[in-house]
Amino acid sequence: MSYTKLLLIIVASIALNACLDDNKPDADDSILPKNQEVQETVQTTTPVDIGSKAPDFTMNDINGNPFTLSSLKGKVVMIDFWATWCPPCVRSIPEAKSIWNAYKKQDFVLLGISLDKDLAVWNSYVKEQNMNWTHVADGLFWDNAAAIQYGVGAIPSVWVLDKEGRSEEHTSELQSP
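Residues numbered from 1 in each chain as written. Predicted model: local features only at pLDDT ≥ 70, side-chain atom pairs only at ≥ 80, totals over all residues. Heavy atoms only, no water.

Student: Explain the overall build of the chain to me, please; I cannot follow it from the model alone.
Tutor: From N to C terminus, the chain includes five helices and seven strands. When the helices and strands of the chain are read in sequence order from the N terminus, they spell out α-β-β-β-α-α-β-α-β-α-β-β. Per-residue burial over the chain gives 47% buried out of 177 residues. A separation threshold of at least 6 residues defines the contact pool for the chain, and within that pool the share at least 24 residues apart is 75%. (Helix = DSSP H or I, 4+ residues; strand = E, 2+ residues; numbered from the N terminus. Buried < 20%, exposed > 50% of the residue type's maximum accessible area, 1.4 Å probe, protein only. Contact = heavy atoms within 4.5 Å.)

So this is what it looks like as structure tokens:
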């Protein structure tokens, strides 16, 4: 499958999910981890421009190992900024799973970047939900290094990077334009 077709399918899937989510009730509180602070937006810097080189970063993965974004050069990357305490983020997990399962055997990587403070809750949640793609976090909430670099001010926030590491698409809060 060509890179352009893959990119269009990912973007269409995100937009379709957003349209379908408009009619869904708020997330059931029972699926959210207990005692989590909910804050889905924050003041931030300007987001990365579409077509520009995406900022590189290094952050620990779910196993505590350093992970660097630039190690993915040559692959299409979908970056999903999210958190376990964010109801819209939790509602988007089935769509993320669907995208991951459809493209994981191609030159595609789904990278979840969590804004959770409690990394133990995040780690458990990812495993319980069988979110079997790459995940990173630094436990700094809205001061997450990558979120600051990308100008993320609301979650979920999804970025698609091309094989050269350039920003090709961005959608915030998974809402259709």
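Student: Teacher, can you tell me more about helix H3 (residues 93-103) here?
Tutor: Each full turn of the α-helix corresponds to 3.6 residues, which orients residues three or four apart in the same direction. Ile93, Glu95, Ala96, Ile99, Trp100 and Tyr103 are the residues of H3 that are buried. All buried residues of H3 project into a common sector of 160° when viewed along the axis, lining one side. (Arc of directions from axis to C-beta.)

Student: Help me understand the state of the cysteines, please; the structure alone is not making it clear to me.
Tutor: When the sulfur atoms of two cysteines share a covalent bond, that bond is a disulfide. Counted by the stated rule, this structure contains one disulfide. Between the sulfur atoms of Cys86 and its disulfide mate Cys89 the distance is 2.5 Å. Note on the Cys86 and Cys89 pair: the S-S dihedral is about 75°, so by sign convention the disulfide is right-handed. (Disulfide = S-S within 2.5 Å.)

Student: What am I meant to see in the environment of Val109 here?
Tutor: Here Val109 is to be found in strand E4 (residues 108-114). What makes Val109 buried here is its relative accessible area of 11%. Linking Val109 and Val77, residues 32 residues apart in sequence, is a C-alpha distance of 4.8 Å. What Val109 contacts, discounting residues up to four positions off in sequence, is Leu72, Lys75, Val76, Val77, Met78, Trp100 and Thr134.

Student: Would you explain the confidence of the model for the chain in this entry?
Tutor: Regions with low pLDDT should not have their predicted coordinates read in detail. On average, residues of the chain score 78 in pLDDT, and 69% of them are at 70 or above. Segment residues 14-44: pLDDT under 50, and 61 contacts once partners within four positions in sequence are set aside and those in other chains are kept. Counted against residues more than four places away or in other chains, residues 173-177, with its pLDDT under 50, gives 14 contacts. (pLDDT = per-residue confidence, 0-100.)

Student: How should I be thinking about the packing of aromatic side chains in this particular structure?
Tutor: The description of two aromatic rings rests on the distance between their centres and on the angle between their planes. Taken as a whole and judged by the stated rule, the model has eight aromatic pairs. Centre to centre, the rings of Trp82 and Tyr125 are 6.2 Å apart; their planes meet at 40°, and the pair counts as tilted. Remark: Tyr125 occurs in helix H4 (residues 119-128) and Trp82 occurs in strand E3 (residues 76-82); sequence separation between them is 43 residues. On the basis of relative accessibility, which here comes to 4%, the residue Tyr125 falls in the buried class. For the pair Phe141 and Trp142, a centre-to-centre distance of 6.3 Å together with 65° between the ring planes defines the contact as edge-to-face. Note on Phe141: relative accessible area 11%, which makes it buried. Residue classification places Trp142 among the buried positions, given a relative accessible area of 9%. The lysine or arginine in question, Lys117, covers the ring of Phe141, its NZ or CZ lying 4.5 Å from the ring centre. (Phe/Tyr/Trp six-rings, centres within 6.5 Å; stacked < 30°, edge-to-face > 60°. Lys NZ or Arg CZ within 6 Å of the ring centre and 35° of its normal.)

Student: Explain unusual backbone geometry here, please?
Tutor: Excluding glycine, residues mostly carry a negative phi; peptide bonds, for their part, are mostly trans. Looking along the chain, the bond that leaves Ile155 and enters Pro156 is cis, with omega of 0°. In this structure, Pro156 sits in the loop between helix H5 (145-150) and strand E6 (157-161). Despite not being glycine, Asn130 has its phi angle at roughly 55°, a positive value. Along the chain, the position of Asn130 falls in the loop between H4 and strand E5 (134-137). Note on Asn130: relative accessible area 49%, which makes it partly exposed. One non-glycine residue, Phe141, lies in positive phi territory at about 60°. Assignment of secondary structure puts Phe141 in the loop between E5 and H5.

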